[in-house]
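Observations on chain architecture
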Amino acid sequence: MKQEQTLQKAFKTKDVLALAFGTMIGWGWIMLSGSWAATAGMLGAIGAYAIGALLCVFVGLAYAELTPAMPCTGGSVVFSYKSMGYWPAVIAGLATSFAYIGVAAWEGPAFATSVDYVFPIPKLGYLWTIQGYDVYASWAAVAIVASVILTIINVRGAKAAAVFQTVATLGIILVGVLFLGGSLVFGNVEYTKPLFTDVKGFASVLLMVPAMFVGFDVIPQSAGEMDVPLKKIPRLLILSIGAAAAWYMLMIFSTCMSAPTEVRLNGAIPVADSMAYAFGGDIWGKVCIVGALCGIVTSWNGFLYGAARVLYSLANARMLPAFLADIHPKYHTPYKAVIVCGILSTFSCLLGTGALTWFVNASSFGVVIMYMMVALSFIFLRKRFPNMNRPYRIKHAGIVSVMAVGVALFFAYLYLPMGPSPLVAIEWVFVLGWFILGLLLALYAKRKYRDVTEQERESRLLGEDLP
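Residues numbered from 1 in each chain as written. Predicted model: local features only at pLDDT ≥ 70, side-chain atom pairs only at ≥ 80, totals over all residues. Heavy atoms only, no water.

**Comments concerning the overall build of the chain**
- If you tally the helices and strands in the chain, you get 19 helices and two strands.
- Over its C-alpha atoms, taken along the principal directions, the chain stretches across nearly 65 × 50 × 40 Å.
- Counting all 467 residues of the chain, 62% fall into the buried class.
- Contacts spanning at least 24 positions in sequence make up 82% of the contacts within the chain whose residues lie at least 6 apart.
- When the accessible surface of the chain is totalled, it reaches about 17,300 Å², and 69% of it is carbon and sulfur.
- On the chain, the mean spot of the 31 positive side-chain charges and the mean spot of the 22 negative ones are 8 Å from each other. (Helix = DSSP H or I, 4+ residues; strand = E, 2+ residues; numbered from the N terminus. Buried < 20%, exposed > 50% of the residue type's maximum accessible area, 1.4 Å probe, protein only. Contact = heavy atoms within 4.5 Å. Areas by Shrake-Rupley, 256 points an atom, 1.4 Å probe, with all protein chains shown as cover. Lys, Arg positive; Asp, Glu negative; His and termini not counted. Charge placed at Lys NZ, Arg CZ, Asp CG, Glu CD.)

**Here we look at the pattern of salt bridges**
- Counted according to the given criterion, the structure contains six salt bridges.
- Of the charged contacts in the structure, one is a salt bridge between K336 and D326, with a shortest N-O distance of 2.7 Å. Of this pair, K336 sits in helix α15 (residues 335-348) while D326 sits in the loop between α14 (282-316) and α15, placing them 10 residues apart in sequence.
- The class of D326 is partly exposed, set by a relative accessible area of 29%. (Salt bridge = Lys/Arg side-chain N within 4 Å of Asp/Glu carboxyl O.)

**Remarks on the packing of helix α4 (residues 76-84) against helix α5 (residues 86-105)**
- α5 packs onto α4 with a crossing angle of 160° between their chain directions and a minimal axis gap of 7 Å. Classified by the angle between their axes, α4 and α5 sit roughly antiparallel to one another. Helix-helix and strand crossings are classified by hand; for α4 and α5 the assignment is right-handed. The residues of α5 that touch α4, namely those facing S76, V77, S80, Y81 and M84, are Y86, P88, A89, A92, G93 and T96.
- Residue composition of the contact of α4 with α5, grouped by class: seven nonpolar, four polar and no charged. (Axes fitted to C-alpha atoms, helices over the stretch in contact; angles between N-to-C directions. Parallel < 35°, antiparallel > 145°, perpendicular 65-115°, else oblique. Left-handed = near helix turned anticlockwise from the far one by under 90°. Nonpolar A, V, L, I, M, F, W, Y, C, P; charged D, E, K, R; others polar.)

**Looking at unusual backbone geometry**
- Here the residue pair K193 and P194 is connected by a cis peptide bond, since its omega of 0° sits within 30 degrees of zero.
- You can see P194 is positioned in the loop between α8 (158-186) and α9 (199-213).
- With a phi angle near 55°, Q131 is a residue other than glycine that sits in the positive phi range.
- Position of Q131 among the secondary structure elements: in the loop between β1 (126-130) and β2 (133-136).
- Assessed through its relative accessible area of 46%, Q131 is described here as partly exposed.
- One non-glycine residue, H396, adopts positive backbone phi at about 55°.
- Relative accessible area serves as the criterion here: at 60%, H396 is assigned to the exposed category.

**Concerning the environment of G26**
- Tracing the sequence through the fold places G26 in the loop between α1 (13-25) and α2 (28-40).
- Spatially, the C-alpha atom of G26 lies 21 Å from that of E427, the residues being 401 residues apart in sequence.
- When residues no more than four places from it in sequence are discounted, the contact partners of G26 are I172, G295, I296 and S299.

**Observations concerning the nonpolar core**
- W36 and F213 are the most contacted members of the largest nonpolar core, which has 164 residues in total.
- The element best represented in this core is α14, accounting for 17 residues.
- Not counting residues up to four positions away in its chain, the partners in contact with F213 are M24, Y49, G52, A53, C56, I241, A244, A245 and Y248. (Core = buried A, V, L, I, M, F, W, Y, C linked by side-chain atoms within 4.5 Å.)

**Details of the packing of helix α3 (residues 42-69) against helix α17 (residues 397-415)**
- It is the contact of α3 with α17, at a shortest axis distance of 8 Å, that shows an interaxial angle of 125°. Of the possible angle classes, the one that applies to α3 and α17 is oblique. Considering only the axes of α3 and α17, their crossing is left-handed. Contacts between α3 and α17 involve L55, F58, V59 and L61 on the former and, on the latter, V400, M403, A404, V407, F410 and F411.
- Of the residues in the contact of α3 with α17, the class split is 10 nonpolar, no polar and no charged.

In structure tokens:
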């Protein structure tokens, strides 16, 4: 059963770009740009993103060669299986799905926070307090409704998700351009100080970069549904990283130019409050929130899409329970995998904005593992299959290999107990809980589907015509 016979090829070039860019820029900058600048200074924060983007490019180059060589849904799962085998593919898939679901998890609380900024939500039905933030049933209900709608969109087909993504991405770009222009006209250079704080502050911002850049790797997840020439895929990957890097740096600059530090730190939604301050009216903060909502839904939509495809890929190869590989007879989507991801995303809506940093940091650790598995896949495939058909073959493969692995190790060091910004206990609970559950399900699948041969599994993952 080849993937191309089960999933519909619905993505054109503009859809792929909108999927990757919209997924990357998301919501994080709306809430965190002010704290990034306060922690590292304006130039420190911008520098962290410049360095983070450069480091991500090395991983992106590995993706750029691997994706057109194996244009099958699953990305890191496919690469790892072909290069290293069963269990590395499981680890890669669990890391990738955890990263995507972890990022999607903060979008629900972010959505409710944005709506509440424009149309205050009555505080009804107190539930609990998490990290100083009170969570109310009425507030959570707004996020839950949005989560259900996005899940339905993803069930209804890749094309529906692509159209939705393109429109919403254009919305956030328009608001971002308006914000940048206003900061240049109405802003004050004095607001940008301090330009740099210290190395610890710089490292703290750099710590969050993987979670902010995760999204370009959604392109490999959609490979089985792309209607794009294979040689175009590498350019789209690198272009999306560059575009997202430029966006983050410009938005940090705009936020710093628009308002003094106390406004950026003490506001309910820092970027919106900064825009309202610079433009001289609360209405402009609400305009900013329109862009924020677009960013939330593009990121949310992209990660739900990507996570479902990773789970589908593992299940289709019988490395997770097979029901996750079921394809909708009408919409040609892995609808059960989409629903599972949607349920997890919906549950997070009950945790409130206090859980934001938990999700950011924990999902970033998943990103690091995913990057490591892709870097190792790149190295092993070059050694094991030197004559494999590669529509795009990168130059200086040795340097790229060393740098890609080095990037993953560097970011891993930041999160580990000996690093400058280690994960806290609850974040380790998220990470370890996901991997333990996933490995148990993978063990169950290996036992249940013991009759699936290696040849059949490879056919399900890669397609019979690939080397």
